[in-house]
Amino acid sequence: MTTLTDPPKESFRLSMLIYDSRYRSMTIQIVALIAVLTLIGWLISNTAQNLADLGKQPSFSFLGESAGYDINQRLIDYENQDSHLRAAFVGLLNTLLVAFMGCIAATLVGVFVGVLRLSNNWVVARLMTIYVEMFRNVPVLLWIILVMAILIETLPAPRAFRGETPEASMMLGDSVAFTNRGFYVPEPLFSRGIGDVHLFGEAALRFDVSLDLIAVVATFIAGLLISGLITRRADRIQAATGDRPRTWHWKAAVIVIPTVAVLAILGFYLGKPELQGFNFAGGTHMRNSLIALWLALSLYTAAFIAEIVRAGILAISKGQTEAAAALGLRQRRIMSLVVLPQALRVIIPPLISQYLNLTKNSSLAIAVGYMDITGTLMGITLNQTGRELETILIGMLIYLTISLTISFVMNLYNDAVKLRER
Amino acid sequence: MNDLSFVRTEMLPERDPPPSTTGVIGWLRKNMFDGVWNTLLTIASIGLIVWVLGHILPWIWSPTWNAGSLDQCREIVGASGKASGACWGVIHERWPQMLYGFYPAELRLRPTLAFFLLFIALIPVLFNMISRRMNWFLLALVLFVATFFTASSALMIVVQIVLAAAVLYIGYTLVANSGSDRAEQIAAGARRLPNPLIFTALYVFLMPWLLWGGTIWTPVGAALGFVIGWLVFRLLAPVLGTLTAIILAFAAPVLWWLLLNGLFASAMHAILPFGLEPVESRQFGGLLLSVTIGVTAIAVSLPMGIVLALGRQSDLVIVKSLSVIFIEFIRGVPLITLLFVASVLLNIFLPPGTDFDIILRVIIMATVFASAYMAEVIRGGLAALPKGQYEAADALGLDYWKAQRLIIMPQALKISIPGIVSTFIGLFKDTTLVSIIGLLDPVGLSNSIRADTNWNGIVWELYGFIALLFFIFTFSMSRYSMYLERRLRTDHR
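Reading guide: rules and limits
- Within every chain, residues take consecutive numbers counted from 1 along the sequence as written.
- Ligands are numbered from 1 and chains lettered from A, in the order in which they are written.
- Local features in this predicted model are restricted to residues of pLDDT 70 or higher, and side-chain atom pairs are both shown and tallied only at a pLDDT of 80 or more, whereas totals for entire chains, interfaces and linings draw on every residue.
- For the side-chain quantities, the full set of heavy atoms in the structure was used; hydrogens and water were omitted.
- Each helix is a run of DSSP H or I of at least 4 residues and each strand a run of E of at least 2, with the numbering of both proceeding from the N terminus.
- Both definitions apply: the radius of gyration is a C-alpha atom measure, and the globule rule equals 2.2 Å times residues to the power 0.38.
- Relative accessibility thresholds used throughout: buried, under 20% of the residue-type maximum; exposed, over 50%; partly exposed, between the two (1.4 Å probe, protein chains only).
- By the convention used here, residues are in contact when the closest approach between their heavy atoms is within 4.5 Å.
- In this description, accessible areas are obtained by the Shrake-Rupley approach with a 1.4 Å probe, and a residue is regarded as covered only by the protein chains that are shown.
- UniProt positions are given in the numbering used here, feature names are shortened, and annotations may be inferred rather than shown by experiment.
- Given the number of residues in a helix, its expected span is that number minus one, multiplied by 1.5 Å.
- We define a polar contact as two N or O atoms separated by no more than 3.5 Å, with the added condition that, inside protein, one atom must be a possible hydrogen donor and the other a possible acceptor, whereas residues neighbouring each other in sequence contribute only through side-chain atom pairs.
- Note: buried area is the sum, over both parts, of the accessible area (probe 1.4 Å) each one loses when the two are combined.
- What counts as a salt bridge is simple: a side-chain nitrogen of Lys or Arg found within 4 Å of a carboxyl oxygen of Asp or Glu.
- Each residue receives one of three labels: charged for Asp, Glu, Lys and Arg, nonpolar for Ala, Val, Leu, Ile, Met, Phe, Trp, Tyr, Cys and Pro, and polar for the others, Gly being one of them.
- A pocket, in this scheme, is an open set of points on a 1 Å grid over the protein atoms alone with protein on both sides within 12 Å along at least 5 of 7 lines, while a cavity is a set where a 1.4 Å probe fits but cannot get out; residues line either one if an atom lies within 4 Å of a point.
- Grid points are joined across faces, edges and corners, and a volume is the space filled by probe spheres set on the points.
- Two strands make a pair as long as DSSP finds a minimum of two bridges between them.
- In this analysis, axes come from line fits to C-alpha atoms, helices being fitted only over the stretch in contact, and the angle between any two N-to-C directions falls in the range 0 to 180 degrees.
- If an angle is under 35 degrees, it is roughly parallel; if it is over 145, roughly antiparallel; if it lies from 65 to 115, roughly perpendicular; otherwise it is oblique.
- Crossings are classed by handedness, with left-handed meaning an anticlockwise turn of the near helix from the far one by less than a right angle and right-handed meaning a clockwise turn.
- We call a pair of cysteine sulfur atoms a disulfide when they lie within 2.5 Å.
- You can read pLDDT as the predictor saying how much it trusts each residue, on a scale of 0 to 100.

Quick look at the overall build of chain B now. A count of helical and extended segments in chain B gives 19 helices and two strands. Relative to the globule expectation of 23 Å for 493 residues, the C-alpha radius of gyration of chain B, 30 Å, shows a markedly less compact shape. For chain B, the C-alpha atoms occupy an extent of roughly 105 × 85 × 55 Å along the three principal directions. In chain B, which comprises 493 residues, the proportion classed as buried is 40%. Look at the contacts in chain B between residues 6 or more apart in sequence, and 72% of them connect residues 24 or more apart. Of the roughly 27,800 Å² of accessible surface on chain B, a fraction of 70% belongs to carbon and sulfur atoms.

As annotated in UniProt, the feature "transmembrane region" (unreviewed entry) corresponds to residues 23-44, 96-119, 140-161, 213-231, 252-271, 291-313, 334-356 and 392-413 of chain A in the numbering used here. The span residues 96-119 of chain A is 92% helical and 0% strand by assignment, and the distance between its end C-alpha atoms comes to 35 Å.

This brings us to helix α15 (residues 358-384) of chain B. Residues and elements named next belong to chain B. With 27 residues, α15 extends 39 Å from end C-alpha to end C-alpha; this agrees with the ideal 39 Å at 1.5 Å per step. In terms of residue burial, α15 counts as a mostly covered element, since 20 of its 27 residues are buried. Capping the start of α15 is the job of one residue whose side-chain oxygen sits 3.1 Å from the backbone nitrogen of Ile359: Asp357.

Accessible area lost upon the coming together of the parts is a frequently used measure of interface size. Contacts between the two partners involve 51 residues from chain A and, on the opposite side, 55 residues from chain B. For the chain A and chain B pair, buried surface summed over both sides reaches about 4,800 Å², with 76% attributable to carbon and sulfur atoms. Looking at the side of chain A facing chain B, the largest losses of area belong to Gln29, Asn137 and Met396 of chain A, adding up to 13% of the total buried there. Along the contact surface separating chain A from chain B lie two salt bridges. The residue Arg450 of chain B makes a salt bridge to Glu153 of chain A at a minimum N-O spacing of 3.9 Å. The interface formed by chain A and chain B holds 14 residue pairs in polar contact (both at pLDDT 80 or more) in total. Elements that contribute at least two residues to the side of chain A that touches chain B include exactly α1 (16-19), α2 (21-54), α4 (122-136), α5 (140-154), α8 (288-315), α11 (373-385) and α12 (388-417) of chain A. Sort the elements by how many residues they give to the side of chain A that touches chain B and α2 of chain A lands first, with 14 residues. Along the lines of polarity and charge, the residues of the side of chain A that touches chain B split into 33 nonpolar, twelve polar and six charged.

On to empty space enclosed by the protein, then. A complete count under the given rule lists three cavities of 30 Å³ or more for this structure. Lining the largest cavity, in full, are Leu51, Lys56, Gln57, Pro58, Gly386, Arg387, Glu388, Leu389 and Glu390 of chain A together with Ile348 of chain B. Of the residues forming the lining of the largest cavity, the biggest block, three residues, is contributed by α12 of chain A. In the lining of the largest cavity, the residues fall into four nonpolar, two polar and four charged.

Moving on, we get to the pairing of strand β2 (residues 182-185) of chain A. Residues and elements named next belong to chain A. Of the strand pairs in this sheet, strand β1 (residues 177-179) and β2 are connected by three bridges, and their pairing is antiparallel. By the bridge assignment, Phe178 is partnered in β2 with Phe183. Hairpin connection from β1 to β2: two residues lie between these consecutive antiparallel strands. Pairing of β2 with strand β9 (residues 284-287) involves four bridges; the strand directions are antiparallel. Its bridge partner lying in β9, Gly182 is registered against Arg287.

Quick look at the packing of helix α12 (residues 286-313) of chain B against α15 of chain B now. Residue and element names in this part refer to chain B. Two elements in contact, α12 and α15, have axes whose closest approach is 5 Å; the angle formed by their N-to-C orientations is 45°. With respect to α15, the element α12 is oriented oblique. The chirality of how α12 crosses α15 is right-handed.

With that settled, the discussion passes to the UniProt feature "domain: ABC transmembrane type-1" (unreviewed entry) in chain B. Annotation from UniProt places "domain: ABC transmembrane type-1" (unreviewed entry) at residues 287-481 of chain B. The span residues 287-481 of chain B carries 81% helix and 0% strand; its end-to-end C-alpha distance comes to 22 Å.

Below, the discussion takes up the state of the cysteines. Residues and elements named next belong to chain B. Following the criterion strictly, the structure yields one disulfide over all chains and no others. A disulfide bridge connects Cys73 with Cys87, and the sulfur atoms are separated by 1.8 Å. Handedness of the Cys73-Cys87 disulfide follows from its S-S torsion of about 70°: it is right-handed. Of this pair, Cys73 sits in helix α3 (residues 70-79) while Cys87 is found in the loop between α3 and α4 (89-100), placing the two residues 14 residues apart along the sequence. Taken as a pair, Cys73 and Cys87 share a single burial class, namely buried.

Turning next to the confidence of the model for chain B. Keep in mind that low pLDDT regions are not for reading the predicted coordinates in detail. A residue-level look at chain B finds 95% of positions with pLDDT of 70 or above and a mean pLDDT of 84. Interface confidence for the predicted complex, expressed as ipTM, amounts to 0.85; the pTM equals 0.86.

Let us now look at the sheet that holds β9 of chain A. Residue and element names in this part refer to chain A. Read from one edge to the other, the open sheet built from three strands follows the order β1-β2-β9, with strand pairing classed as antiparallel. Looking along the sheet, the strands with just one partner apiece sit at the ends: β1 and β9. Within the sheet, the average angular offset between the axes of one strand and its neighbour, ignoring direction, is 15°. Here α8 sits on the sheet and contacts β2 and β9; the angle it forms with β9, its principal contact strand, is near 60°.

Quick look at the structure:
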């Protein structure tokens, strides 16, 4: 008869922390944590010591002090009496503005170039290759400075628009003026507007939301949703009967008519820029620092997006196109129903990182004097208050938040279009 | 009955395809004039190309190479009757500055030599089709050519003769043995030259010495640190066990570098004074600065990136989250904010009294920046490896580090080389950002040149030249990465 006995109970020895794989990972992690904490503690104590020597106690009270500098390109009202926090907020909105405009323009140009690079036409394909290589291989900072220099050197000054026989003239029916101080474009105005909502009262983060704009945008989106419903209905009818009703005029009607109606009710008109004295008044003034940054960032990022789009389309095997053709789908439907949905899955993850890159590269605004968050908070505010630690810390955290938000939102979208594997 | 049927009994001769589908005409029809839409596109694009070239070429062709200022340029161009022309005088006057910054003119051989030696040091890593012999031959040749640019002295002549002999000997063996098989040569008693990777390892210490100068004993002492670490491991491993020996082998060199190396270097320098004239960091500028920052940051960030990638992939929760926090933080902020940290904050973080010079601080932050991106590239390589490789390594009974060293890393690094190269290209382009914190890289120099009264108003020539400098580097690197992708593709797709 045999008896099963437990193996002898091992007593814990110190060496087991290293040699026993049950404990070793714990040991390694604790050692790593202690090392990192020691490093951080060392840096913090150095910083505290250095700041004490300089007589600067870390404090964020400077944010409430009057900034005392002007910001020429801004989306919200700002006086130089306003606080540093307000200035930083103006800068943040400027960063978001150029990043948003840049992402849209870069996507449009990038998709266009990427598709044309795959064209059967030899000349066009080569031309697009030259574009891509030219922009990809030269630093974006150089492009920004170069575009800025071109805008300043080649466009006419506002005074060239004056006189009986002006050297330069406005375009698009006297509504747009390209000058070396920037572009003057018409601004949307409402004669019977329903006014603004003032958020946050008099606080530094106050800003006005135009109810007119919200009304127009809401109507437009509602129109889009209804047109989506019409498509669904057409799909249902097609599934049931095999015939697809013609819907495009209905869709156009539900999108356009209500929007135009709302615009008419609100008394929409364009406020054109006009020459007054030596400069233009009225309209919206886009400074050439904004234009240069926007153009350079979009064209630079577009070159990368073009490569991503090209790779995405090439990644879809030819069998898919052929199978779709064998099913009797027409060329356009093959693209929209078979190739693009699959290519998108390949395209979107790198596209997200390009959007992030564009947003981060917008910090190069400081090279052309566009007042984004780098130019205000980490530029003039830093120099005026001498609060290096605080301003750079806040600036980094803001960029980090923007980056994480963009990648979170785009990852949600990515999850939505991801291949559902079972 | 059916005698009306006709059956061909002999083959017809093959006929040429219709002339409109072959040759130049066929190619043109297929690729440029295939349908109305394509024809229009082709004509529009050719029109665009002609228009652009028609404006650019006459502008480029402008004999202003020797002009001393923009006004002189305008005179020359005006005399030739053209509306506008490039002003190349600025490039002629300033190109040495664009390349070397304020590096002393008589010492510029050193960075040039370091630059060419960089390629020779990289050859065994980057290309595997060049023989060892060829590699050593190139090294000897570059050194031999470099000696002609130095002041002649008795020592130099001896060095020259030795190098000439080396070039001739290795060159002779290269030519003599080019026909026969390598294996036969070795069987016939041919000696194998040492592995050129030895030079690559030496180059790591050689480059800072060539660039910054100073006594030779500092880099020698730095290299000695590694030797000490290795010796400690070999001697103590049998006595104290592997783990303790590894810990000591890491600790000993660090102690050596921190405490004893300076003493060693000055003592040795007193005995055997041999060194190069020191050059301060602030004299660095132009492309030299970009290349120095880019190459150093990438070289140092590679091992850091490997460690971070392994940390992010590991099962250890704390190690993993520390790596993730570091990587995501660095990747979430723009490089310019890190450069601000380098320029105003880094000295605050360090013990009172430490004063790194600004270039070293920038290199540190650029390395930190690059290592986060490198970690993601290598993580991609690790993730792309089939799980079977990890399991096979486990099945062989390899421990974690052995599995990484022998199975995982060689394959993962191979997969991620194109990514590493593109990280390098990105970092190299991003070195232009240092101009924002006041360093004089090509872009920083262009600002001061444009502020010069002689060249006030120059745009295209200057930026075009800088763009060309960067384009040459990055374009050749991206082509290299494509070559590598083709070479490394071992599957049959």
